[in-house]
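The lines below spell out each chain.
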Amino acid sequence: MFGLFVNERIALLMTASLVMYLLYFIVLLVYRLYWSPIAKFPGPKLAAATYLFEGYYDVVQRGKYTFKIRDLHAKYGRSPPGLPLDTIR
């Protein structure tokens, strides 16, 4: 009798945890793309929203992320003063 009640509570807890995680991820994406102080600067939106862009170039392309940053600087221009990327030459 009580076993079914416990399983329902666990399922409800897991569902609530998943919903909260998805909500957090959505709010984080919206913040990074629209509300962040650096959201107005040009560049790939995937790179602005997640670390998947960097991960792809570091793992799949085997460490080519540094070269991709150089290419992005050539395409979009230098980063504004005060951002960490303004020191890369």
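See the structure printed just above.
In this report, we go over the structure that sits alongside the text. (Residues numbered from 1 in each chain as written. Predicted model: local features only at pLDDT ≥ 70, side-chain atom pairs only at ≥ 80, totals over all residues. Heavy atoms only, no water.)

**Details of the packing of helix H3 (residues 52–60) against helix H4 (residues 65–76)**
And then number 1: Here H3 crosses H4 at 125°, and the two axes come no closer than 8 Å. With respect to H4, the element H3 is oriented oblique. Each of Phe 53, Glu 54, Tyr 57 and Asp 58 in H3 lies in contact with H4, whose residues at this interface are Tyr 65, Lys 68 and Leu 72.
And then number 2: Taken together, the residues of the contact of H3 with H4 break down into four nonpolar, no polar and three charged. (Axes fitted to C-alpha atoms, helices over the stretch in contact; angles between N-to-C directions. Helix = DSSP H or I, 4+ residues; strand = E, 2+ residues; numbered from the N terminus. Parallel < 35°, antiparallel > 145°, perpendicular 65-115°, else oblique. Contact = heavy atoms within 4.5 Å. Nonpolar A, V, L, I, M, F, W, Y, C, P; charged D, E, K, R; others polar.)

**Side note on unusual backbone geometry**
And then number 1: Phi at Arg 62 is positive, roughly 55°, even though this residue is not glycine.
And then number 2: The class of Arg 62 is exposed, set by a relative accessible area of 73%. (Buried < 20%, exposed > 50% of the residue type's maximum accessible area, 1.4 Å probe, protein only.)

**So, the side chain of Thr 50**
And then number 1: Inspection of the secondary structure assignment puts Thr 50 in the loop between helix H2 (45–49) and H3.
And then number 2: Only 3.2 Å separates the side chain of Thr 50 from the backbone nitrogen of Leu 52, close enough to count as a polar contact.
And then number 3: Aside from chain neighbours lying at most four places away, what touches Thr 50 is Phe 25, Leu 29 and Arg 32. (Polar contact = N/O pair within 3.5 Å; in protein donor to acceptor, adjacent residues only side chain to side chain.)

**Some points on the nonpolar core**
And then number 1: Counting five residues, the largest nonpolar core consists of Phe 53, Tyr 57, Tyr 65, Ile 69 and Leu 72.
And then number 2: Secondary structure elements with two or more residues in this core: H3 and H4.
And then number 3: With three residues, the single largest contributor to this core is H4.
And then number 4: In contact with Phe 53, not counting residues within four places along its chain, are Pro 44, Leu 46, Ala 47, Tyr 65, Lys 68 and Leu 72. (Core = buried A, V, L, I, M, F, W, Y, C linked by side-chain atoms within 4.5 Å.)

**Digging into the packing of aromatic side chains**
And then number 1: Under the counting rule described, the total for this entry stands at three aromatic pairs.
And then number 2: Ring plane angle 85° and centroid distance 5.1 Å describe the contact between Tyr 56 and Tyr 57, whose orientation is recorded as edge-to-face.
And then number 3: When its relative accessible area of 38% is taken as the criterion, Tyr 56 is described as partly exposed.
And then number 4: Residue classification places Tyr 57 among the buried positions, given a relative accessible area of 18%.
And then number 5: Cluster of aromatic residues (ring-pair linked, three or more members): Phe 53, Tyr 56, Tyr 57 and Tyr 65. (Phe/Tyr/Trp six-rings, centres within 6.5 Å; stacked < 30°, edge-to-face > 60°.)

**Looking at H4**
And then number 1: The first and last C-alpha atoms of H4 sit 16 Å apart over 12 residues, in line with the 16 Å expected at 1.5 Å per residue.
And then number 2: Considered for burial, the residues of H4 that qualify are Tyr 65, Ile 69, Leu 72 and His 73. One face of H4 carries all of its buried residues, which in axial projection span an arc of 100°. With respect to the buried face of H4, the exposed residues turned more than 90 degrees away are Ala 74 and Lys 75. (Expected span 1.5 Å × (residues − 1). Arc of directions from axis to C-beta.)

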